[in-house]
Amino acid sequence: KQEVTQIPAALSVPEGENLVLNCSFTDSAIYNLQWFRQDPGKGLTSLLLIQSSQREQTSGRLNASLDKSSGRSTLYIAASQPGDSATYLCAVKSSGGGADGLTFGKGTHLIIQP
Amino acid sequence: NAGVMQNPRHLVRRRGQEARLRCSPMKGHSHVYWYRQLPEEGLKFMVYLQKENIIDESGMPKERFSAEFPKEGPSILRIQQVVRGDSAAYFCASSPPRPIGAKNIQYFGAGTRLSVL
């Protein structure tokens, strides 16, 4: 059974700092890995999707890496801004048998202090 | 092109009532997924449907919960005889037909927040 863990559960940093969010998964047989952003009371916004054959994806100030063999992904946020404050979710799509849905971590609650 | 639409956004029910949650997928999407997010928990997969077919319901509770995606109209997640433990945010996601499209990206709606009194 796939399990996804995100560390840290919460993070508070001053504006302008670079930061790294961590995600680990127990079963390396994945189809892809996706990072989402969730704002309070809102839905999920997809930030980056990395296919299993890829090592990283970049979008603006965001960079996500994937090491499938070790079951890890990181989300790097450069030059953080108060508007980046949100909960960041990591989710994997398993390629083996089992559920067709995504398996999510519990998220990292990020606060960027102005 | 509107995104995934869920309604209502907020739903209040008393114990024992029925809750019906609706999800209209993005235009051209024929795959729908339902997830539940309990307080302080991550999203948990419930069910995956295509038009008129349930493909995977491995995450659905065995009793009181059902889902459908008819040929016409939105997907419906139905919870009968709700209990306080059903209070959660329910999210719907849709994706285009495979293998073409956006490589299995699931697009999420804003969710329905169910409160059971």
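Before going into details, it helps to say that this report is about the structure given with it. (Residues numbered from 1 in each chain as written. Chains lettered and ligands numbered in written order. Predicted model: local features only at pLDDT ≥ 70, side-chain atom pairs only at ≥ 80, totals over all residues. Heavy atoms only, no water.)

1. Quick look at the overall build of chain A
Here comes step 1: Summing up its helical and strand segments, chain A has 0 helices and 11 strands in all.
Here comes step 2: Listed N to C, the secondary structure of chain A is β-β-β-β-β-β-β-β-β-β-β in terms of helices and strands.
Here comes step 3: Taken against the 2.2 N^0.38 rule, which gives 13 Å for 114 residues, the C-alpha radius of gyration of chain A at 14 Å falls within 12% of a compact globule.
Here comes step 4: The proportion of buried residues among the 114 residues of chain A is 46%. (Helix = DSSP H or I, 4+ residues; strand = E, 2+ residues; numbered from the N terminus. Rg over C-alpha atoms; globule rule 2.2 N^0.38 Å. Buried < 20%, exposed > 50% of the residue type's maximum accessible area, 1.4 Å probe, protein only.)

2. As for the interface of chain A and chain B
Here comes step 1: Counting residues at the interface gives 21 residues for chain A and 23 residues for chain B.
Here comes step 2: Counting the contacts that link chain A with chain B gives 1 salt bridge.
Here comes step 3: Two residues, Lys 106 of chain A and Glu 41 of chain B, come together in a salt bridge whose shortest N-O distance is 3.8 Å.
Here comes step 4: Taken together, the connections running from chain A to chain B amount to 3 residue pairs in polar contact (both at pLDDT 80 or more).
Here comes step 5: Of all elements in the fold, only β4 (30-38), β5 (44-51) and β9 (86-94) of chain A reach the threshold of two or more residues within the side of chain A that touches chain B. (Contact = heavy atoms within 4.5 Å. Salt bridge = Lys/Arg side-chain N within 4 Å of Asp/Glu carboxyl O. Polar contact = N/O pair within 3.5 Å; in protein donor to acceptor, adjacent residues only side chain to side chain.)

3. Considerations on unusual backbone geometry
Here comes step 1: A cis amide bond links Ile 7 of chain A with the next residue in sequence, Pro 8 of chain A, at an omega value of -5 degrees.
Here comes step 2: Within the secondary structure layout, Pro 8 of chain A lies in the loop between β1 (4-7) and β2 (10-14).
Here comes step 3: For the peptide bond that leads from Asn 7 of chain B to Pro 8 of chain B, omega is -5 degrees, which places it in the cis range.
Here comes step 4: Of note, Pro 8 of chain B is situated in the loop between β1 (5-7) and β2 (10-13).

4. Looking at the sheet that holds strand β8 (residues 75-79) of chain B
All names here are of chain B.
Here comes step 1: One open sheet accounts for 4 strands, arranged β1-β3-β8-β7; its pairing is antiparallel. Pairing within the sheet leaves two strands with one partner each, and these edge strands are β1 and β7 (65-68). Each strand of the sheet is rotated relative to its neighbour by a mean of 15 degrees, with strand direction disregarded.
Here comes step 2: One ladder, built from 4 bridges, connects β7 with β8; its direction is antiparallel. Paired with Glu 68 across the bridge in β8 is Ile 76. (Pairing = 2+ DSSP bridges. Axes fitted to C-alpha atoms, helices over the stretch in contact; angles between N-to-C directions.)

5. Observations concerning the packing of aromatic side chains
Here comes step 1: All told, the structure shown has 7 aromatic pairs over all chains when counted by the stated rule.
Here comes step 2: Judged by centre distance (6.0 Å) and plane angle (85 degrees), the rings of Phe 104 of chain A and Phe 108 of chain B are edge-to-face. Of this pair, Phe 104 of chain A sits in strand β10 (residues 103-104) while Phe 108 of chain B sits in strand β10 (residues 107-108), which puts the two residues in different chains.
Here comes step 3: Looking at Phe 104 of chain A, the relative accessible area reads 5%, which means it is buried.
Here comes step 4: Between Tyr 33 of chain B and Tyr 48 of chain B, the aromatic rings sit 4.6 Å apart at their centres with planes inclined by 5 degrees, giving stacked as the arrangement. Here Tyr 33 of chain B is found in strand β4 (residues 31-37), whereas its partner Tyr 48 of chain B is found in strand β5 (residues 43-50), with 15 residues between them in sequence. Per residue, the accessibility class of Tyr 33 of chain B equals that of Tyr 48 of chain B, and both read buried.
Here comes step 5: Through pairs of rings, three or more aromatic residues link up here, namely Phe 36 and Phe 104 of chain A together with Tyr 35, Phe 45 and Phe 108 of chain B. (Phe/Tyr/Trp six-rings, centres within 6.5 Å; stacked < 30°, edge-to-face > 60°.)

6. Structural notes on the pattern of salt bridges
Here comes step 1: A complete count under the given rule lists 6 salt bridges over all chains for this structure.
Here comes step 2: Taking the shortest distance from any N to any O, the salt bridge between Asp 84 of chain A and Arg 61 of chain A comes out at 2.9 Å. With Asp 84 of chain A in the loop between β8 (72-77) and β9 and Arg 61 of chain A in the loop between β6 (56-59) and β7 (62-67), this pair connects stretches of sequence that are 23 residues apart.
Here comes step 3: Since its relative accessible area comes to 7%, Asp 84 of chain A is described here as buried.
Here comes step 4: The class for Arg 61 of chain A is partly exposed, based on a relative accessible area of 29%.
Here comes step 5: Here Glu 18 of chain B makes a salt bridge to Arg 20 of chain B, at a shortest N to O gap of 2.9 Å.
Here comes step 6: Exposure remark for Glu 18 of chain B: the relative accessible area of 30% places this residue in the partly exposed category.
Here comes step 7: Here Arg 20 of chain B falls in the partly exposed class, since its relative accessible area comes to 36%.
Here comes step 8: Here the residues in one salt-bridge network are Glu 18, Arg 20 and Arg 78 of chain B, joined through shared partners.

On their own, these measurements won't tell you what the molecule is for.
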